[in-house]
Each structure stands twice: as structure tokens, then as C-alpha cells.
Number of protein chains: 2
Amino acid sequence: MEFIKKYTQAHPHLVAVDCIVFGFDNEDLKILLIKRPIEPIKGQWSLMGGFVQEGESLDEASKRVLYMLTGLTNVYLEQLYTFGDIDRDPVARVISVAYYALIKIKDYDEKIVKNNSAEWFKVSNYPKLIFDHETMVQTAINKLRRKCRTQPIGFELLPEKFTIPQLQSLYEAILMQKLDKRNFRKKILSMNLLDKLSEKDKGNSKKGAYLYKFNKEKYEILTSKGFSFEI
Amino acid sequence: MEFIKKYTQAHPHLVAVDCIVFGFDNEDLKILLIKRPIEPIKGQWSLMGGFVQEGESLDEASKRVLYMLTGLTNVYLEQLYTFGDIDRDPVARVISVAYYALIKIKDYDEKIVKNNSAEWFKVSNYPKLIFDHETMVQTAINKLRRKCRTQPIGFELLPEKFTIPQLQSLYEAILMQKLDKRNFRKKILSMNLLDKLSEKDKGNSKKGAYLYKFNKEKYEILTSKGFSFEI
DNA sequence: CCAAAAGTGTTCAGCTTACACCCATGA
DNA sequence: TCATGGGTGTAAGCTGAACACTTTTGG
């Protein structure tokens, strides 16, 4: 690296990744926060993060951080934005690449989460966070809110099998608005992306609601024919 | 920084910014490319970029790079995505934060552009680029294509005064599709964001077309009342 | 006078929205 | 039997898409 430094006047920087982890508990949209494990400001609420290692890509770093926090792999994880203000971290200059993850809230490993002193908070009411982490969270919520209307990413927050009322309350939680039951059902079913199962989920009512599965193959075929998802 | 390094096992990285500069010549959507001025692979086409300096934020770095290339300040400039694969730059590991700029093509400083051995290329036909710069360009085009439909950013690519046919061909160039003249005019004028001037531009026809200006104040008032731009 | 671009309205189809009642079941 | 959430259809208004002729004027 020395010759590059001399040649280009390049100055190296610490680079971190921070993860905004979303979950849905059939009621509220939530984020997973940890109590900062290291000094300074140890014990304050924060996003889970970590430094990018030598020989590690940004995507790999974000997967590693998410795994350390939740024990999960193979989850929806997407780069959000890179935060690079000089004084964003008062301890040292750190450039942070934020990622957001959508997880099925029942899947995470409780032990690992507990070890990290992590907790779920409603996105409508979470504690004060260190540095610029609140900006990160807001940026992620905005992105999720926009993106869930045009891409079928909401399903990442639900179990594999889910009911239409469940899906509807997910959208209501993300978009922060009530939706019409009949119109919602009509719209989502008219896209032909959901396979109806014969099982019912009686967890939420005596009558029970039919379970559905998102059919990714159908989605990809339709997409390749010019279809676009829209709520 | 030493104590941080030891404490966190953090490894520092070279961080660069690269700029995708868009322009519109009333005909085609274009990008500004340079001939790489340094070894290795000197002379190959590339985006304009530069390393982030000590004490410089990412936004500042991108402004500096854009200024060095075009002589322009105060232009639309937005962070696009951060590219961090290990081997994206075969010379050294460099994490690159890509930005895209929308400039009024008549404004750039020709001398500076010439000094940089820079040239405009159609987005539909540009030369092979170094590293992952073609991915960056495609990502930027996709972003622009999506964003110009829901945010009034197209105006950044036109002179302050422009005609409706000019605006329409801009959208046609970005979206790569013909639009209906009457429907386009109806839609754009119904938003009440344009001020009609009494002057005409006769550059493109004998009859001449009325000039308009985008009224940012009106846009902000409408936006605060829940209006949203949509082409 | 003619070529070339600017400017102008209407109709139809499809989509979005609003809205109210019956069903199934466990307690 | 009753309380609770699940499931269903239709009408009205609005929006998007298709479409052709007149106007202006420089050469």
C-alpha cells in the first residue's frame, strides 16, 4: 500500500458497517438495538456494527455483523447509505456503510441476542441512539416504506406461511396507515403471486384465516414479462 | 488512531469517491468520462474520481472531484452506492463511494474538461471502462430513471428556461421511450410547477416554443401539503 | 407556399376508492 | 348464543392512454 499512498496522497480511513435490523411481531414494525458493549459511552443504545476487516468486502462485513447479532444467515440484507461526516463518531473518524436487514422475527437466536444485550423496539418509539444512528434508522425506515410498495420485500418479514390479514397489518405498520380490507385482498390476490394453502391459522380468530405462501418463481416469471409489483 | 486500532482490531482502508456526471444535449442523455491520467492502465476510459482526504467528508470529497472535473459548484449531486468488493481495483484495495451529478451541459468549463481529457458519451453507447465503473454507470442510470419519475430532478439537466418539447425529449431520453405530446404537456402543466414566460425559443422551430421555468417554491409548498410529483 | 415543429380536447377503458353484510367458530 | 375476526361484490369517480388537426413562420 505504501507506494499508492505516496503516489496518490491517499489517506486511509477506518470503515465500519452498521446494521438496521427490522422485524414484525404481527403488531408493530420493530428494530433490534444493542447496548454498546465498549467504552466510550458503553451501555448506550446503538445499532449493531463492526469494522470492515482486511480482505473482507462490505457485503461480507455486513453479513458477519448480522450473524454475530442474530445468528442468522441468508436473510434479506441490502446496502442503505454511507455516512461519512468528519465528526459523526466523536471517538475517531470512521466512515460507516449502513445496511438494513429484514428478518422473520421468530427466527433469530434468542441466546445470541441476549448475549449482545439486544432488544426489539417499535420504530415508532425507540430510545436515543449514539452518533448518527437515529439518522440511519430514519433513512432505513424511509427506504423500506418506499421500497415495500414496489418490490415484494414485505414477505421477508413474515413467516413462510402467513394470512392475508397478517400481510395487511404488516403493510399498515410499515406505511403507518389503515388499508381497506377488501381492496387490499383484491389487489394482492389479483397479482397471482400467492399460493393459497388448505391450512388455516387459528391463532388470531375462532374462524381461522387461510394461510398463503409467496411464490417467488411466479414473481420472477411475471417480472420478466414486464409485470411490476405495486401495493 | 493507534489506540482505536489496537482496541477494535480495525484495519484502515483507502476510500475514494467516483462521480457519474450526467448531461443532456437536447438529443441524448450523456455521461462525462475521462482518460485515466495515471499509471497503471493510464489512458483508459474511466469515471472521474479521487481519494477521500483526511478531514474531508464524503460529500465534500465528491464536490471537490466534481469541481476538478467541470469547474462547477452548486450542482445536483447525490450519493449513489458504495462499492467495496476486495478486487474491484486490481491495484490496491479501495472502497469507492459513487456519486452522481446532474449538470446543465452548457455550464461546464470547457477548458477544465479538456485538461482532464474528458469527453461526453451517450449513455446508450460509451466505451469500455476500467474496474467496476460500468456497473457504477448502470446503477446510476437505473437510479436516475426511477427517481426522475417521482422527483423533479429532470430540471437539473436543462437550462433555467426551457420549452415543453425540450422537457419531453429529456424524459424520453432518460426513460428510453416515446411519450405522447398532448398527454405529457397536460400532465406536467396540471401540476402547476412551471411558470410560463412570454418569451419564445425559436432555436428549434420557426413558430417557436414558449419558455418555462421550474418554480421550486411552488413545488415545496405543494409538497408540504402532500402533493407528489409524478411523470 | 410549404415544410416543420408547436399547440390543443375528447373519448374510452381500466383502475382506485368507498362502503356493509354474512360466515365460522370457540368460549 | 354471542363476540370476534375472516371473507366477499358493486357502483362512482378518476386517471391514463389513444388519437388528428390547426397554427405559426422562416426559408
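Since the model is a prediction, treat every value here as computed from it, not as a measurement. (Residues numbered from 1 in each chain as written. Chains lettered and ligands numbered in written order. Predicted model: local features only at pLDDT ≥ 70, side-chain atom pairs only at ≥ 80, totals over all residues. Heavy atoms only, no water.)

Description of the overall build of chain A
Okay, step 1: A tally of helices and strands in chain A yields seven helices and 10 strands.
Okay, step 2: The principal-axis extent of the C-alpha atoms belonging to chain A is close to 65 × 40 × 30 Å.
Okay, step 3: With 231 residues in all, chain A has 49% of them scored as buried.
Okay, step 4: Contacts in chain A between residues far apart in sequence, at least 24 positions, make up 66% of those at least 6 positions apart.
Okay, step 5: Counting every atom, chain A has about 12,100 Å² of accessible surface; 48% of that belongs to carbon and sulfur.
Okay, step 6: Taking the average location of the 37 positive side-chain charges in chain A and that of its 30 negative ones, the two points are 7 Å from each other. (Helix = DSSP H or I, 4+ residues; strand = E, 2+ residues; numbered from the N terminus. Buried < 20%, exposed > 50% of the residue type's maximum accessible area, 1.4 Å probe, protein only. Contact = heavy atoms within 4.5 Å. Areas by Shrake-Rupley, 256 points an atom, 1.4 Å probe, with all protein chains shown as cover. Lys, Arg positive; Asp, Glu negative; His and termini not counted. Charge placed at Lys NZ, Arg CZ, Asp CG, Glu CD.)

Section: the sheet that holds strand β9 (residues 194-201) of chain A
All names here are of chain A.
Okay, step 1: Ordered by their spatial adjacency, three strands build an open sheet running β8-β10-β9, and the pairing between neighbours is antiparallel. In the strand order of this sheet, the two ends are held by β8 (161-163) and β9, each with one partner. Taking each pair of neighbouring strands and ignoring which way they run, the sheet shows an average axis angle of 45 degrees.
Okay, step 2: Each of β8, β9 and β10 (209-214) touches helix α5 (residues 164-175); the most contacted strand, β8, lies at about 80 degrees to it. (Pairing = 2+ DSSP bridges. Axes fitted to C-alpha atoms, helices over the stretch in contact; angles between N-to-C directions.)

Some thoughts on a negative patch on the surface
Okay, step 1: On the surface, Asp59(A), Glu60(A), Asp85(B) and Asp87(B) cluster together to form a negatively charged patch.
Okay, step 2: Along the chain, Asp59(A) turns up in helix α2 (residues 58-70). (Patch = residues over 30% accessible without salt bridge, like charges linked within 9 Å, V, L, I, M, F, W, Y side chains within 5 Å. Salt bridge = Lys/Arg side-chain N within 4 Å of Asp/Glu carboxyl O.)

A word on the environment of Lys114(B)
All names here are of chain B.
Okay, step 1: The topology assignment puts Lys114 in helix α3 (residues 110-115).
Okay, step 2: On the basis of relative accessible area, Lys114 is assigned to the exposed category, the value being 64%.
Okay, step 3: Between the C-alpha atoms of Lys114 and Ile34, which are 80 residues apart in sequence, the distance is 9.3 Å.

Some remarks on the domain arrangement of chain A
All names here are of chain A.
Okay, step 1: What the domain assignment lists for chain A is domain 1 (2-150) and domain 2 (158-224).
Okay, step 2: Centre-to-centre separation of domain 1 and domain 2, based on C-alpha positions: 29 Å.
Okay, step 3: Taken together, the contacts link 10 residues of domain 1 with 11 residues of domain 2.
Okay, step 4: Buried surface at the junction of domain 1 and domain 2, both sides included, amounts to about 970 Å², of which 64% is carbon and sulfur.
Okay, step 5: The largest share of the area that domain 1 buries against domain 2 comes from Phe24, Arg145 and Cys148, three residues that together contribute 50% of it.
Okay, step 6: The tally of links from domain 1 across to domain 2 stands at zero salt bridges. (Domains from an automatic or database assignment. Buried area = accessible area lost by both parts, 1.4 Å probe.)

Notes on the protein's contact with DNA strand C
Okay, step 1: Neighbouring residues of DNA strand C: 19 residues in total, closest Lys206(A), Lys181(B), Arg185(B), Lys186(B) and Tyr210(B).
Okay, step 2: Near-protein atoms of DNA strand C (within 4 Å) split between backbone and bases, with sugar and phosphate holding 39%.
Okay, step 3: One of the side-chain N or O atoms of Arg182(A) is found 3.1 Å from a base nitrogen in DNA strand C.
Okay, step 4: In this structure, a base nitrogen belonging to DNA strand C sits 3.0 Å away from a side-chain N or O atom of Asn183(A).
Okay, step 5: Breaking the surface near DNA strand C down by element, the ones donating at least two residues are α6 (181-190) of chain A together with α6 (181-190) and β10 (209-214) of chain B. (Near = heavy atom within 4 Å. Polar contact = N/O pair within 3.5 Å; in protein donor to acceptor, adjacent residues only side chain to side chain.)

So, the relation of the copies chain B and chain A
Okay, step 1: The transform that puts chain B on chain A rotates by 180 degrees and translates by 0.0 Å along the axis, for an RMSD of 0.0 Å. Classification of the inter-copy transformation places it as that of a two-fold axis.
Okay, step 2: A high fraction, 100%, of the interface residues of chain B reappear at the interface in chain A, so the copies pair face to face through one surface. (Least-squares fit on C-alpha atoms with pLDDT ≥ 70 in both.)

Topic: the packing of aromatic side chains
Residues and elements named next belong to chain B.
Okay, step 1: Using the criterion set out here, one finds 20 aromatic pairs over all chains in the structure.
Okay, step 2: Centre to centre, the rings of Tyr108 and Trp120 are 5.5 Å apart; their planes meet at 55 degrees, and the pair counts as tilted. On the criterion of sequence distance, the pair formed by Tyr108 in the loop between β6 (94-102) and α3 and Trp120 in strand β7 (residues 118-122) is long-range, its members being 12 residues apart. Assigned by exposure class, Tyr108 and Trp120 land together as buried.
Okay, step 3: Between Phe214 and Tyr219, the ring centres sit 6.1 Å apart and the planes meet at 50 degrees, which makes this aromatic pair tilted.
Okay, step 4: Judged by relative accessible area, which is 21%, Phe214 ranks as partly exposed.
Okay, step 5: Residue classification places Tyr219 among the buried positions, given a relative accessible area of 13%. (Phe/Tyr/Trp six-rings, centres within 6.5 Å; stacked < 30°, edge-to-face > 60°.)

Looking at the interface of chain B and chain A
Okay, step 1: Taken together, the contact between chain B and chain A spans 35 residues of the former and 35 residues of the latter.
Okay, step 2: Each partner contributes to the roughly 3,000 Å² buried at the junction of chain B and chain A, and carbon and sulfur atoms together form 66% of this total.
Okay, step 3: For chain B, the biggest contributors to the area lost against chain A are His11(B), His13(B) and Leu14(B); these three give 16% of the whole.
Okay, step 4: At the boundary of chain B and chain A, one finds zero salt bridges.
Okay, step 5: Where chain B touches chain A, the interface holds eight residue pairs in polar contact (both at pLDDT 80 or more).
Okay, step 6: At the level of elements, α1 (2-8), β1 (12-24), α2 (58-70), β5 (76-83) and β6 of chain B are the ones that each hand at least two residues to the side of chain B that touches chain A.
Okay, step 7: Here the side of chain B that touches chain A is composed, by residue class, of 19 nonpolar, 10 polar and six charged. (Nonpolar A, V, L, I, M, F, W, Y, C, P; charged D, E, K, R; others polar.)

A short note on the sheet that holds β10(B)
Residues and elements named next belong to chain B.
Okay, step 1: Sheet architecture is open: three strands sit in the order β8-β10-β9, paired in antiparallel fashion. Looking at which strands have only one partner, the edges of the open sheet turn out to be β8 (161-163) and β9 (194-201). For this sheet, the mean inter-axis angle between neighbouring strands, taken without regard to orientation, is 45 degrees.
Okay, step 2: Relative to β10, β8 is paired through three bridges, and the arrangement is antiparallel. Bridge pairing in β10 places Phe162 opposite Tyr212.

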